[in-house]
Amino acid sequence: MPEINASRVSRRDRHGREHVVRVRRAGVQRTIGCDTCGRRQGAQFLPWLKAEQHLAEAHQATVDPEGRDEGEGGGRASR
């Protein structure tokens, strides 16, 4: 069975623009990279949470395009 070495977190800002942060894995090390601003950061623990935080803080992108999140009102839907 092949390993998954990359995934992505995407959110939309209040203008409807989609912003994407990719999470890449190489061994135990994980790196997040923003497609919008080019920022790269090591994130060994909780990389998807750090990706969501970057999108919210740097791009004010908080709305999940797949509808799993309530957006700026806070709270998370159960998955």
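Our structure is the block above this text.
Throughout, a residue's number is its position along its own chain's written sequence, starting from 1. Local features are withheld for residues below a pLDDT of 70 in this predicted model, meaning they are given only at 70 or higher, and side-chain atom pairs are given and counted only at 80 or more; totals for whole chains, interfaces and linings count all residues. Where side-chain values are given, they derive from all heavy atoms of the structure, hydrogens and water being excluded.

### Focus: the overall build of the protein
Working step 1: A count of helical and extended segments in the protein gives 1 helix and 4 strands.
Working step 2: Tracing the protein from N to C terminus, the helices and strands come up as β-β-β-β-α.
Working step 3: The buried label goes to any residue with under 20% of its type's maximum accessible area, the exposed label to any with over 50%, and the partly exposed label to all in between, with areas taken from a 1.4 Å probe on protein chains only. When each of the 79 residues of the protein is scored for burial, the buried share is 28%.
Working step 4: Contacts were defined at the residue level, with two residues in contact if any of their heavy atoms lie within 4.5 Å. Restricting the contact set of the protein to residue pairs at least 6 apart, pairs at least 24 apart contribute 31%.
Working step 5: Each accessible area is a Shrake-Rupley estimate made with a 1.4 Å probe; only the visible protein chains count as cover when residues are assessed. Entry remark: accessible area of the protein is about 5,500 Å², with carbon and sulfur atoms responsible for 49%. Only runs of H or I of at least four residues qualify as helices and only runs of E of at least two qualify as strands under DSSP, and these elements are numbered from the N terminus.

### Some details on empty space enclosed by the protein
Working step 1: We place a 1 Å grid over just the protein atoms. Points where a 1.4 Å probe fits but has no way out form a cavity, open points with protein on both sides within 12 Å along at least 5 of 7 lines form a pocket, and any residue with an atom within 4 Å of a point lines it. Grid points are joined across faces, edges and corners, and a volume is the space filled by probe spheres set on the points. For the coordinates displayed, the defined rule picks out 1 cavity of 30 Å³ or more.
Working step 2: Lining the largest cavity are Val21, Ile32, Cys34, Arg39, Gln41 and His54.
Working step 3: For the lining of the largest cavity, the class distribution of residues is 3 nonpolar, 2 polar and 1 charged. Side-chain classes are defined by residue name, with Ala, Val, Leu, Ile, Met, Phe, Trp, Tyr, Cys and Pro counting as nonpolar, Asp, Glu, Lys and Arg as charged, and the others, Gly among them, as polar.

### Let's talk about the side chain of histidine 54
Working step 1: Mapped onto the secondary structure, histidine 54 falls in helix H1 (residues 47–59).
Working step 2: Judged by its relative accessible area of 8%, histidine 54 is buried.
Working step 3: Those residues within four positions of histidine 54 in sequence are excluded, and the remaining contacts are Val21, Cys34, Cys37, Arg39 and His59.

### Re the pairing of strand S3 (residues 29–34)
Working step 1: Paired strands are those between which DSSP finds at least two bridges. One ladder, built from 6 bridges, connects strand S2 (residues 18–26) with S3; its direction is antiparallel. Looking at S3, one finds that arginine 22 is bridged to glycine 33.
Working step 2: Here S2 folds back onto S3, and the loop between the two strands holds 2 residues, one of which, glycine 27, carries a positive phi near 70 degrees.
Working step 3: Pairing of S3 with strand S4 (residues 40–42) involves 3 bridges; the strand directions are antiparallel.

### Describing a nonpolar patch on the surface
Working step 1: Patch membership needs two things, relative accessible area over 30% and no salt bridge, and members are linked within 9 Å if like-charged or within 5 Å if nonpolar (Val, Leu, Ile, Met, Phe, Trp, Tyr). The salt bridge criterion pairs a side-chain nitrogen of Lys or Arg with a carboxyl oxygen of Asp or Glu, the two atoms within 4 Å. A cluster of nonpolar side chains, contributed by Phe45, Leu46 and Leu49, occupies part of the molecular surface with about 340 Å² of accessible area.
Working step 2: As for its placement among the helices and strands, leucine 49 is situated in helix H1.

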